[in-house]
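# Structural description and commentary
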Amino acid sequence: MLQRIQTLYLLAAFGLCIACLCSPIAHFLVTGTDEIIDMYNLWLVSAEGAHMFSFCPVLMVLLLITATALFLDVWLFTRRALQMRLATFCMLLLIAWNIVYGILTFLLSTEMQATWRPHWTAALPAASLILTYLAFRGILKDDMLVRSLDRLR
């Protein structure tokens, strides 16, 4: 199971999702002041450390569901059709995370009248999307190989 390349891709995608959950994903610099506000997946944190609750739980829920599904996808190696469907579902969730991230940062920057600067960890879900796609291709190749061997029998 662990010697399959798609398993390694899925585990790496899972790790990237978890790393993104624990890190800031954007910085907002409020115009007119020197206040910097960090955006996490769940909340906004000001420089004083005060948590300001905002729309951000949507991002956290999307990443939690994706990370859980990616972890479960590793253990479905005997059921390739279900594994491919779950990988496709994870890819759709990661695309949704990137869309929601763009919308939220735009809305929050206009609401706070701040300039927005992305953090490097905001690229982790996109990297996870690429790894999940590579895992999907590996699963598809395995499925095609098994089908071709069944035809030879």
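Before any of the text, the structure's been laid out above.
Description of the structure in this document. For every chain, the first residue of the written sequence is number 1, and numbering continues from 1 onward in sequence order. Per-residue local features of the predicted model are confined to residues with pLDDT of at least 70, and side-chain atom pairs are confined, for both listing and counting, to 80 or more; whole-chain, interface and lining totals are unaffected and use all residues. Water and hydrogen atoms play no part in the side-chain values, which are based on all heavy atoms of the structure.

## So, helix 3 (residues 80-111)
The condition that has to hold: Runs of E in the DSSP output that reach at least two residues are strands. Runs of H or I that reach at least four are helices, and both are numbered from the N terminus. By this rule, a helix spans an expected 1.5 Å times one less than how many residues it contains.
Look at helix 3: 46 Å from first C-alpha to last across 32 residues, which is about the 46 Å you get at 1.5 Å a residue. Just downstream of helix 3 lies Gln113, where phi reads positive at about 50°.

## Side note on the pattern of salt bridges
For clarity, the threshold we go by: The salt bridge criterion pairs a side-chain nitrogen of Lys or Arg with a carboxyl oxygen of Asp or Glu, the two atoms within 4 Å. Residue burial is assigned from relative accessible area. The probe radius is 1.4 Å, only protein chains are included, and a residue is buried under 20% of its type maximum, exposed over 50%, and partly exposed in between.
Applying the stated rule across the entire model yields 3 salt bridges. Asp143 is the salt-bridge partner of Arg80, the closest N and O atoms lying 3.5 Å from each other. With a gap of 63 residues between them, Arg80 in helix 3 and Asp143 in helix 4 (residues 124-152) connect regions that are remote in the sequence. Classification of Asp143 as buried rests on a relative accessible area of 11%.

## Quick look at the packing of aromatic side chains
Each aromatic ring pair is characterised by the separation of its centres together with the angle its planes make. As a reminder of what qualifies: Two rings belonging to Phe, Tyr or Trp (six-membered ring only in the last case) form a pair when the distance between their centres is within 6.5 Å. Interplanar angles under 30 degrees mark stacking, angles over 60 mark edge-to-face geometry, and anything in between is tilted.
A full pass over the atoms with the stated rule returns 4 aromatic pairs. Centre to centre, the rings of Phe71 and Trp75 are 6.1 Å apart; their planes meet at 75°, and the pair counts as edge-to-face. Owing to a relative accessible area of 46%, Trp75 belongs among the partly exposed residues under this scheme. One aromatic cluster in this structure is built from Phe14, Phe71 and Trp75.

## Overview of the side chain of Gln83
For the record, the criterion: Think of a polar contact as two N or O atoms within 3.5 Å of one another; within protein, one of them needs to be a possible hydrogen donor and the other a possible acceptor, and neighboring residues in sequence only count if both atoms come from side chains.
Mapping Gln83 onto the fold places it in helix 3. A polar side-chain atom of Gln83 sits 2.9 Å from the main-chain carbonyl oxygen of Asp73.

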